Amino acid sequence: MVSSIMAAASKRPHRLKDAALRRLLSVVCVTLCGVLLLIFLLGSNSTSTIGTQDTDNADEGSVYHRDLKFTKWQSLPQQNDLSLRLEKLNGLPPRNLDLYPTLAKDPIIVVLYVHNRPQYLKIVVESLSRVVGINETLLIVSHDGYFEDMNKIIDGIRFCQVKQIYAPYSPHLFSSSFPGVSAGDCKEKDGASEKHCEGNPDQYGNHRSPKIVSLKHHWWWMMNTIWDGLRETREHSGHILFIEEDHFIFPNAYRNLQILTSLKPKKCPDCYAANLAPSDVNSRGEGWESLIAERMGNVGYSFNRTVWRKIHNKAREFCFFDDYNWDITMWATVYPSFGSPVYTLRGPRTSAVHFGKCGLHQGQGEKKACIDNGMVNINVEDLDKFANIESDWEVHIYKNQPGYKAGFKGWGGWGDNRDRNLCLSFANMYHSIGTASPL
């Protein structure tokens, strides 16, 4: 009896110790879970904050690394501070997500590429604000250079999601080195051996002009970035519409384009693209009750990833053709290499108009400014305010249209090997090659 009482008494302290240990472990586990939860919440909050900051607060570039599948190709030029800061901005998320948190199903993304003509950009943005369905998609504005007046106009957009990207290797960002102007560059018709300067002349004996070559560089960088670099678009399989800062867009443009892209597989299976406007920039269309298949134009053109792959596979042809114009390069060498006519499908009435009077890089100098009054007189009729394409229309095909074709040698301006190699680097920068790894 006594021994059993003593045994029970000896076990009681052990039980008390076990209970205290269990309580201690519970407190430790709860505290640890709380600390981990706090760390997670702080981390999530800091990420979203970084994603909304401008270039001055995006120095770490974490958002950029997450958004761009980017390979630092060794042959790309050495970047300056402005180039690096703009490159980080390209990874920021679209704005107006609070107003338009989601996109419609299968949207046609709109890309507006611009230089520095704010008087034109205001007109284009105003026309886009009236486009039916523009709030359903994403507008990407690609800048060739950094200009505050242009940024202010884009900052005022509230009618859709909008994302800005900047060409980080634009010649306009480099004042004393390639791809801008270098001190040792040959000029005009200089002889490299005689002047001891750097550069290769074009087929007409002229050396590169940075302002001129930026046309082709921007377009090619933009195409590679849109299709293969940006998180928002690199897996987009549908059509993407490309417009410029001097293209007036009619209210029915988006709805008409939706109809055209849906009809294209059946009505014109050999068509590569869908256009908002005729290839003849002076035409407003035929006004017929039929669809039109013709050579691909450069006003309001759209195509899908399958076509982009065919274009990208012709990078060498594009980059080595001696013409500073991207569109003439496409017409004279890339499209002919496809082996069959490159048709685009459009409606019988235009849904976009080219209105620019000044060239893309005119109007920037103080002495030779090309200045419009910023006013356009484009008649938008009631028929242009809603979709005006019928699905039962037949297709009228234009064959053997005039224009640049295979055999044209180019207007020159693109003879420097540095420009050609930079162009090829743009074609490779979003693809893992060798030991390079994407961010």
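Quantities reported herein were computed from a predicted structural model and do not represent experimental measurements. (Residues numbered from 1 in each chain as written. Predicted model: local features only at pLDDT ≥ 70, side-chain atom pairs only at ≥ 80, totals over all residues. Heavy atoms only, no water.)

## Section: the pairing of strand S1 (residues 109-114)
As a reminder, the rule being used: Burial classification: accessible surface area is computed with a 1.4 Å probe over protein chains only, and a residue below 20% of its type maximum counts as buried, one above 50% as exposed, and the rest as partly exposed. A helix here means a DSSP run of H or I that spans at least four residues, while a strand means a run of E at least two residues long, and both kinds are numbered starting from the N terminus. The pairing criterion is simple: DSSP has to find at least two bridges between the two strands. Handedness of a crossover: with both strands directed away from the viewer, a clockwise path from the first strand across the helix to the second marks it as right-handed.
Burial analysis of S1 places six of its six residues in the buried class, which makes it a mostly covered element. Residues Ile-109, Val-111 and Tyr-113 line one face of S1 and the alternating positions Val-110, Leu-112 and Val-114 line the opposite face, and both faces are buried. As paired elements, S1 and strand S4 (residues 240-244) share five bridges and run parallel to each other. What sits directly across from Leu-112, in S4, is Ile-243. Handedness of the β-α-β unit built from S1, helix H4 (residues 118-129) and strand S2 (residues 138-143) comes out right-handed.

## Considerations on the sheet that holds strand S8 (residues 301-303)
Applied cut-off: For every element, the axis is a line fit to its C-alpha atoms; helices are fit only across the contacting stretch, and the angle between N-to-C directions ranges from 0 to 180 degrees. Only heavy atoms enter the contact rule, under which two residues are in contact if any of them lie within 4.5 Å.
Read across the open sheet, the nine strands follow the order S3-S2-S1-S4-S8-S6-S9-S7-S11; overall the sheet is mixed. The open sheet has two free edges, formed respectively by strand S3 (161-166) and strand S11 (395-397), since each of these has just one partner strand. Each strand of the sheet is rotated relative to its neighbour by a mean of 30°, with strand direction disregarded. As paired strands, S2 and S3 are joined by six bridges and run parallel to one another. Among the inter-strand pairings, Leu-139 is bridged to a residue of S3, identified as Val-162. Where helix H7 (residues 210-228) meets the sheet, its contacts fall on S1, S2, S3, S4 and S8, and the angle it forms with S1 comes to roughly 155°.

## Thoughts on the environment of Pro-168
Relative to the helices and strands, Pro-168 resides in the loop between S3 and helix H6 (192-195). Pro-168 sits 79 residues away from Leu-89 along the chain, and the two C-alpha atoms are 9.9 Å apart. In this structure Pro-168 touches Gln-79, Ser-83, Glu-87, Asn-90, Leu-173, Phe-174 and Trp-221, once residues within four positions along its chain are discounted.

## Some remarks on the packing of H4 against helix H5 (residues 148-155)
Here is the rule: Roughly parallel means an angle under 35 degrees; roughly antiparallel means over 145; roughly perpendicular covers 65 to 115; every other angle is labelled oblique. Here the term charged refers only to Asp, Glu, Lys and Arg, the term nonpolar to Ala, Val, Leu, Ile, Met, Phe, Trp, Tyr, Cys and Pro, and the term polar to all other amino acids, Gly among them.
Close contact between H4 and H5 brings their axes to 10 Å; oriented N to C, the two are set at 10°. Put simply, H4 runs roughly parallel to H5. Along its contact with H4, which presents Pro-118, Leu-121, Lys-122 and Val-125, the element H5 presents Asp-149, Met-150, Ile-153 and Ile-154. Considering only residue class, the contact of H4 with H5 consists of six nonpolar, no polar and two charged.

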